[in-house]
Amino acid sequence: MRTPMSNHNMINRQWHVIDAKDAVLGRLATKAACLLRGKHKPTFVPHEDTGDFVVVINAEHVRVTGNKEADKRYWRHSGYPGSERAVTVAKLREQFPQRLVRHAIAGMLPKGTLGRQTLKKLKVYAQGHHPHQSQQPQGITLN
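Residues numbered from 1 in each chain as written. Predicted model: local features only at pLDDT ≥ 70, side-chain atom pairs only at ≥ 80, totals over all residues. Heavy atoms only, no water.

**Observations concerning the sheet that holds strand S1 (residues 15-19)**
The cut-off we apply is this: Note on pairing: two strands pair once DSSP finds at least 2 bridges between them. Each helix corresponds to a stretch of at least 4 residues labelled H or I by DSSP, and each strand to a stretch of at least 2 residues labelled E; elements are numbered beginning at the N terminus. Axis geometry follows a simple rule: fit a line to the C-alpha atoms, using only the stretch in contact for helices, then measure angles between N-to-C directions, giving values from 0 to 180 degrees. Here, two residues are considered to be in contact whenever any of their heavy atoms come within 4.5 Å of each other.
One open sheet holds the four strands; their spatial order is S5-S2-S1-S6, and the pairing between them is parallel. Two strands lie at the open edges of the sheet, namely strand S5 (122-124) and strand S6 (138-140), each paired on one side alone. Averaged over neighbouring strand pairs, the angle between their axes works out to 25° when direction is ignored. Running over the sheet, helix H4 (residues 97-106) touches strand S2 (53-57) and S5 and is turned about 155° from S5.

Encoded structure:
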């Protein structure tokens with residue numbers, strides 16, 4: 001008996017909308033990463049991209065628990081001496097709220113080409129509207 005393997009013709013991708021208003025960032029990111037990878041499907045294999053598209057709206061209203069608003073920092077470095085920069089969650093939410101959500105979800109995806117390909121199916125919007133209504137996305141509730 002052979003195990004059937006999925007190919008690109010067999011993958012049925014759906015669209016999901018997650019409302020981030022008053023949702024905890026980590027719990028939102030785990031649910032979105034699970035949907036992006038396709039772990040909720042019976043055809044999941046870890047070496048292929050079998051996941052769905054995910055649209056996150058209201059990213060500016062996402063919650064972080066504890067003192068992360070002031071204490072957690074996101075670092076970046078260009079490679080040149082003295083170019084290391086840090087930004088807090090509060091400052092990042094003020095300037096680019098969609099990057100806060102995108103960074104949390106990207107950290108839960110595999111690193112490498114599969115993770116980059118999977119991340120292209122994520123759409124994050126700071127406001128409550130999005131241009132993907134024609135795809136008829138399903139709403140996802142977070143517990």
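**A closer look at the packing of helix H1 (residues 25-37) against H4**
Inclusion rule: In this scheme, roughly parallel covers angles under 35 degrees and roughly antiparallel covers those over 145, while 65 to 115 is roughly perpendicular and the rest are oblique. By convention, the crossing between two helices is left-handed when the near helix turns anticlockwise from the far helix through less than a right angle, and right-handed when the turn is clockwise. Charged means Asp, Glu, Lys or Arg here, nonpolar means Ala, Val, Leu, Ile, Met, Phe, Trp, Tyr, Cys or Pro, and polar covers whatever is left, Gly included.
Interaxial distance between H1 and H4 falls to 8 Å at its minimum, and their mutual angle equals 60°. Between H1 and H4, the crossing angle belongs to the class labelled oblique. Seen along the crossing, H1 lies across H4 with a hand that is right-handed. Across the interface between the two elements, Leu25, Leu28, Ala29, Ala32, Ala33 and Leu36 from H1 touch Leu100, Val101, Ala104 and Ile105 from H4. Class assignment of the residues belonging to the contact of H1 with H4 gives a composition of ten nonpolar, no polar and no charged.

**Here we look at the side chain of His132**
As a reminder, the rule being used: Identification of polar contacts relies on pairs of N or O atoms within 3.5 Å, with a donor-acceptor requirement for protein atoms, meaning one able to donate a hydrogen and the other able to accept it, and with residues adjacent in sequence counted only if both atoms are side-chain atoms.
Tracing the backbone through its elements, the reader meets His132 in the loop between S5 and S6. A polar contact is formed between the side chain of His132 and the side chain of Tyr125, at a distance of 2.7 Å. Not counting chain neighbours up to four residues away, the residues in contact with His132 comprise Trp15, Val55, Lys123, Tyr125 and Pro137.

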